[in-house]
Amino acid sequence: MNSKPIPISSKYPHNSLVSIPKWPTPFAKRPKATTITLNINMRLLVGCRQVPVVLLRSCWGASAGTIVHRDSRCREFSSQQLDNPSYCTDLVKKYDHENYLCCLLLPKDLQRAAFAIRAFNVELAQVRDVVSEKKIGAMRLQFWKDTVERLLEAARYFRLSKRLFKRLVEARAEQLERDGFQSIQEVELYAENTASTLHYLMLECLGVKNVHADHAASHIGKAQGVTTLLRAIPYHAQSRRVYLPLEIIVKHKVSQEDIMRGKAEKNIRDAVFEVATIAHRHLETARSFQKDVPKKAFVAFLNTYPTDHYLKRLQAANFNVFDPKLQIRNSTLPLYLWLQKRRKKY
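Residues numbered from 1 in each chain as written. Predicted model: local features only at pLDDT ≥ 70, side-chain atom pairs only at ≥ 80, totals over all residues. Heavy atoms only, no water.

In the annotation of an unreviewed UniProt entry, the protein is listed under the name NADH dehydrogenase (ubiquinone) complex I, assembly factor 6 and assigned to Batillaria attramentaria. The Sequence similarities (unreviewed entry) field of the UniProt record for the protein holds the comment "Belongs to the NDUFAF6 family." Listed under Subcellular location (unreviewed entry) in UniProt, the entry text for the protein is "Mitochondrion inner membrane". (UniProt positions renumbered as here; feature names shortened; annotations may be inferred.)

A. Broad picture of the packing of aromatic side chains. For the coordinates displayed, the defined rule picks out 8 aromatic pairs. Summarising the aromatic geometry, the rings of Tyr100 and Phe115 are spaced 5.8 Å apart at their centres and angled 45° between planes, so their arrangement reads as tilted. With Tyr100 in helix H4 (residues 97–104) and Phe115 in helix H5 (residues 108–130), this pair connects stretches of sequence that are 15 residues apart. Each member of the pair Tyr100 and Phe115 is classed as buried. Ring geometry for Phe181 and Tyr190: centres 5.8 Å apart, planes at 50°, overall tilted. Like Tyr190, Phe181 is buried. (Phe/Tyr/Trp six-rings, centres within 6.5 Å; stacked < 30°, edge-to-face > 60°. Helix = DSSP H or I, 4+ residues; strand = E, 2+ residues; numbered from the N terminus. Buried < 20%, exposed > 50% of the residue type's maximum accessible area, 1.4 Å probe, protein only.)

B. View of empty space enclosed by the protein. For the coordinates displayed, the defined rule picks out 2 cavities of 30 Å³ or more. Looking at the largest cavity, its volume works out to about 80 Å³. Surrounding the largest cavity, Asn99, Cys102, Cys103, Leu106, Arg118, Met202, Val299, Ala300, Leu302 and Asn303 form its lining. With 3 residues, the top contributor of residues to the lining of the largest cavity is H4. The class makeup of the residues in the lining of the largest cavity is 7 nonpolar, 2 polar and 1 charged. In this model, the second largest cavity occupies a volume close to 60 Å³. Contributions of two or more residues to the lining of the second largest cavity are made by helix H7 (162–176) and helix H8 (184–206). Take the lining of the second largest cavity: its biggest share by element is 4 residues, from H8. Partitioned by chemical class, the residues of the lining of the second largest cavity number 3 nonpolar, 2 polar and 3 charged. (1 Å grid on protein atoms, 1.4 Å probe; cavity = no way out; pocket = protein on both sides within 12 Å on 5 of 7 lines; lining within 4 Å. Points joined across faces, edges and corners; volume = space filled by probe spheres on them. Nonpolar A, V, L, I, M, F, W, Y, C, P; charged D, E, K, R; others polar.)

In structure tokens:
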């Protein structure tokens, strides 16, 4: 490519300058002249520097721009030097295995965009766990918020909405300032702004614009978000954090210390049952739209199976979230996801 990167300032030795084509044309010749340059502060990224470029490459195809490292050497992106799509795929596979399997079942021309979106979400979700101070986490999330505006100028092939990406970042930023949820409505709102928003983006990738599909995506996201809260209770308990809504804890007279110690008292199981019931209700509401949702959209809702499967296993464990059997990965998940795709159900 003919774009000439700007030299790195010696004042910021950890910065990278990435030159990228401004107009994505995935199936035709790309213009050579017009470029834009992004100045990415690597001190704010710490391991997530490849994801923004992949969001663009998912729309372009294999090629990308030129990266200038801090030693001022220029080199072209290539599959041998910096395989960004593989980076996204590996990131999702490692930290979001269920959605990794779901992405593999998407049409081939959509997989790259799907993995980029999922990797973007993984990076946002990890901020709280990888930073030692909230201020640093807020800086990283602010970087993503500022960068999305520029990155998606080139993401026009799938016509993805900037507001959805911004909603993801803002929801994570707001949650970073919280130590928990006050009510189940706050949990549902957070799930709507994260899990449901990811489903909206998948529908946009598929080119589906249907009000019933949007309603289904909203309820599926809420079901998935509430279920994820339950699944994460043992993990958060190890860090002495409790995210069960305060109103549920007070209602069932649950001791947060008992949750942190991993006890399976009856009042804890009753609280888990109430939250699980809300997740199941959202799942059933989403399924009530099936006859009105375009068949093309069903592939975006494959992760209803892992959600439903966990809720059934939780019921079999008498709503004891600390049951070791619930932590075992479902080895038959790929098969059942494939069957669900074939049956065109969610």
